[in-house]
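Analysis of the macromolecular model
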Amino acid sequence: MRLHLLALLAKEPAHGYELKQALEQTFGGAYPSPNIGQIYVTLGRLEKDGLVRAVDVEQSNRPNKKVYYCTAKGRDVLTLWADEPTEGPRVRDEFFMKLVLAPLTGIADRMALINRQRRHYLSLMGDLNDLQARTAPDDRVALLLIEGAMLHLQADLDWLERCQEDLA
Amino acid sequence: MSDPALKAVNLVKVYSGGAVPVHAVRGVDLQVEPGEFVAVMGPSGSGKSTLVHMLGGLDTRTSGEIWVGGTRADTLSESAWALLRRKKIGFVFQFFNLVASMTVADNVELPALLGGASPREARERREHLLGALNLTDRADASPARLSGGEQQRVALARALANKPSVLLADEPTGNLDSRNTRDVLRLLGEVHRDGQTIVMVTHDARVAGLADRVVALFDGEVVDDGRITRRRTGTAGAVIDLR
Ligand SMILES: Nc1ncnc2c1ncn2[C@@H]1O[C@H](COP(=O)(O)OP(=O)(O)O)[C@@H](O)[C@H]1O
Ligand SMILES: [Mg+2]
């Protein structure tokens, strides 16, 4: 979440609660509902690293609020983040390790592992279908994210079939 | 208890035309309850097409039993099978099989008429189905002038036209882009909610994700048969891990 908050602060200075709202507004249903405590902890770390700085703003009848803004160093870090290619998904996942190792010990057979994993992927896909149907058509960011997750799952399922053909 | 919508007992298919016999389906037992949506999956060559073709009476079985509703079907004559199919089964082929000499509208209305619908019912059904699949403006075209994706959607509309008690489909979304797949998914979801029984061969995870149950074939045998559960609710963010 560090860099996500930093990016929002590079757009405009904000206090913690405004960041929570900005996350919700930008990502719609696509961001796990951010917890305000977590946001303050993250801001504290960013401040310690010199990527953001805070100023106290006086409020009438209320305690001062801290408004955070992005520093020049923060901008440099963001630029690096944006310029770097992002790691792709990891294929040698825990399931693959099970598929290779579990049959060696006799604790599970490959066909059963593959079948269980297929059901699991399909049930995730069912959830994504439901979610897509429930998501407002104008929540473009959430819909894109759902579609991306579906394409990943499709690839996982195709790959599962390849594993079955080769290993069964 | 009502009869299962579809039942196969120890179903076997051996293709014996070639130099060596091919055991395409080796003793499949399958029972599909009314209203169930079953996705049939498995690698290429595992016998999926052969199985659903036999279930629809489009390919003869070598041995075993097929029941449609409460009727034993595998022992029927070809013409009696055809009659049963007309009333009770909708079939979507992998390669469409539309009637080239008829318009899209007639391709869809014909099975409804053959199934016993009045001309008015057949027309209304056709209008609804073509509308749902975003094909209304293609109604008067001939199938040859349509894209692969459009032909495939017409084939689905045709298969649903007579409100069959079982919809059988062999990879009905193979030629669709993601927008058209969404239309197809929505229609399948809708007819399934209305109680349509569906047995569908598919590699498309989105389509299979709509199903209640998955049957996996491997080398002509059922290697898995179980329910697809739904557990999660909540926002996309909660389901999808942002790394
Ligand atoms: N008409 C046929 N004659 C001989 N062999 C066939 C015929 N149709 C299919 N097969 C063989 O039967 C097996 C199962 O094929 P099919 O049912 O088409 O599998 P799937 O649909 O899962 O790819 C394959 O080995 C295929 O080559
Ligand atoms: Mg096939």
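Residues numbered from 1 in each chain as written. Chains lettered and ligands numbered in written order. Predicted model: local features only at pLDDT ≥ 70, side-chain atom pairs only at ≥ 80, totals over all residues. Heavy atoms only, no water.

**Comments concerning the domain arrangement of chain A**
Residues and elements named next belong to chain A. Convention followed: Throughout, the edges of the domains are those of an automatic or database domain assignment. Contacts between residues were defined by any pair of non-hydrogen atoms, one from each residue, lying within 4.5 Å. Buried area adds together the accessible area that both of two parts lose upon being put together, with accessible area traced by a 1.4 Å probe. By convention in these notes, a salt bridge is any Lys or Arg side-chain nitrogen within 4 Å of a carboxyl oxygen on Asp or Glu. Throughout this description, a polar contact denotes any pair of N or O atoms lying within 3.5 Å of each other; where both atoms belong to protein, one of them has to be capable of donating a hydrogen while the other can accept it, and for residues adjacent in sequence the pair is counted only when both atoms sit in side chains.
Taken domain by domain, chain A consists of domain 1 (2-83) and domain 2 (93-167). Taken over C-alpha atoms, the centre of domain 1 sits 35 Å from the centre of domain 2. At the interface, five residues of domain 1 touch four residues of domain 2. Taking both partners together, domain 1 and domain 2 bury about 290 Å²; carbon and sulfur atoms supply 67% of that area. Taken together, domain 1 and domain 2 are joined by zero salt bridges. For the pair domain 1 and domain 2, the number of links is zero residue pairs in polar contact (both at pLDDT 80 or more).

**Some remarks on the sheet that holds strand β7 (residues 166-170) of chain B**
Rule in force here: DSSP-based pairing: two strands are paired if at least 2 bridges between them are found. Secondary structure follows DSSP: runs of H or I at least 4 residues long count as helices, runs of E at least 2 residues long count as strands, and numbering of each begins at the N terminus. Each axis is a line fitted through C-alpha atoms, and for a helix only the stretch in contact is used; angles between axes span 0 to 180 degrees, taken between their N-to-C directions.
Taken together, six strands build an open sheet; the order of strands is β6-β7-β8-β3-β9-β10 (chain B) and the sheet is mixed. In the strand order of this sheet, the two ends are held by β6 (89-92) and β10 (221-227) of chain B, each with one partner. Across the sheet, the mean angle separating the axes of adjacent strands is 15 degrees when strand polarity is ignored. Packed on one face of the sheet, helix α6 (residues 110-134) of chain A meets β3 (37-41), β9 (213-218) and β10 of chain B and runs near 40 degrees to β10 of chain B. Strands β6 and β7 of chain B of the sheet are contacted by helix α5 (residues 148-160) of chain B, whose axis makes an angle of about 170 degrees with β6 of chain B.

**Section: the side chain of Q164 of chain A**
Residues and elements named next belong to chain A. Which entries qualify depends on this criterion: For every residue, the accessible area obtained with a 1.4 Å probe (protein chains only) is divided by the maximum for its type, and the residue is called buried under 20%, exposed over 50%, and partly exposed between those limits.
With respect to the helices and strands, Q164 occurs in helix α7 (residues 140-167). With relative accessibility at 0%, the residue Q164 sits in the buried group. There is a polar contact of 3.1 Å between the side chain of Q164 and the side chain of R118.

**Some details on the pattern of salt bridges**
Applying the stated criterion across every chain yields a total of 20 salt bridges over all chains. As a salt-bridge pair, K11 of chain A and E12 of chain A come within 3.5 Å of each other at their nearest N and O atoms. A relative accessible area of 45% places E12 of chain A in the partly exposed class. The salt bridge partner of R72 of chain B is E65 of chain B, with a shortest N-O separation of 4.0 Å. Among the residues examined, R72 of chain B registers a relative accessible area of 29% and is labelled partly exposed. When its relative accessible area of 25% is taken as the criterion, E65 of chain B is described as partly exposed. By sharing partners, the salt bridges in this structure join E36, R213, D225 and R227 of chain B into a single network.

**Looking at the site of ligand 1**
Residues and elements named next belong to chain B. The cut-off we apply is this: To be near a molecule or strand, a residue needs just one of its heavy atoms within 4 Å of it. Values of accessible area rely on a 1.4 Å probe in the Shrake-Rupley scheme; residue burial ignores everything except the protein chains shown.
Lining the immediate surroundings of ligand 1 are Y15, V22, A24, P43, S44, G45, S46, G47, K48, S49 and T50. In the model, an oxygen atom of ligand 1 is placed 3.2 Å from a nitrogen or oxygen of the S46 main chain. In this structure, an oxygen atom belonging to ligand 1 sits 2.8 Å away from a side-chain N or O atom of K48. Burial of ligand 1 by the protein amounts to 58% of the accessible area it has alone, namely 560 Å².

**A closer look at the nonpolar core**
Heads up, the condition is: Side-chain atoms within 4.5 Å link the members of a nonpolar core, which is a set of buried Ala, Val, Leu, Ile, Met, Phe, Trp, Tyr and Cys residues.
Counting residues in each nonpolar core, the largest one holds 60 residues, and the members touching the most others are L128 of chain A together with L156, L167, L188 and M200 of chain B. In terms of residue count, the dominant contributor to this core is α6 of chain A (eight residues). L156 of chain B has contacts with V92, L133, L167, V184, L187 and L188 of chain B, leaving out every residue within four places of it along the chain. Judged by nonpolar contacts, the second largest core, of 28 residues, contains A5, L11, V28 and A73 of chain B.

**Description of the environment of V166 of chain B**
Residues and elements named next belong to chain B. With respect to the helices, strands and loops of the structure, V166 is situated in strand β7. Sequence separation of V166 and F91 is 75 residues, and the distance between their C-alpha atoms is 8.6 Å. Sequence-distant contacts of V166, that is, excluding residues within four places in its chain, are made with A5, L6, K88, I89, G90, Q196 and T197.

**Side note on the packing of aromatic side chains**
What counts, and what does not: Any two rings among Phe, Tyr and Trp, with Trp reduced to its six-membered ring, count as a pair given centres within 6.5 Å; such a pair is stacked if its planes are under 30 degrees apart, edge-to-face if over 60, and tilted if neither.
With the rule as written, the count across this model stands at two aromatic pairs over all chains. On the numbers, 5.3 Å between centres and 35 degrees between planes, the contact of F96 of chain A with W159 of chain A is tilted. Residue F96 of chain A is located in helix α5 (residues 94-105), and its partner W159 of chain A is located in helix α7; the two are separated by 63 residues in the primary sequence. We classify F96 of chain A as partly exposed; its relative accessible area is 26%. Look at F91 of chain B and F93 of chain B: their rings are 4.7 Å apart centre to centre, the planes differ by 45 degrees, and that puts the pair in the tilted class.

**Brief notes about empty space enclosed by the protein**
Going by this rule: For cavity detection a 1 Å grid was placed over the protein atoms alone, and a set of points counts as a cavity when a 1.4 Å probe fits there but cannot get out; an open set counts as a pocket when protein lies on both sides within 12 Å along at least five of seven lines, with lining residues being those that have an atom within 4 Å of a point. Grid points are joined across faces, edges and corners, and a volume is the space filled by probe spheres set on the points. Residue polarity follows a fixed list, in which Ala, Val, Leu, Ile, Met, Phe, Trp, Tyr, Cys and Pro are nonpolar, Asp, Glu, Lys and Arg are charged, and the others, Gly among them, are polar.
This model, assessed by the stated rule, comprises one cavity of 30 Å³ or more. Empty space within the largest cavity amounts to approximately 60 Å³. If you go around the largest cavity, the residues you meet are I114, R118, L157, D158, L160, E161 and Q164 of chain A together with M41 and H203 of chain B. Breaking the lining of the largest cavity down by element, the ones donating at least two residues are α6 and α7 of chain A. At five residues, the largest contribution of residues to the lining of the largest cavity is made by α7 of chain A. Looking at the lining of the largest cavity, its residues break down into four nonpolar, two polar and three charged.

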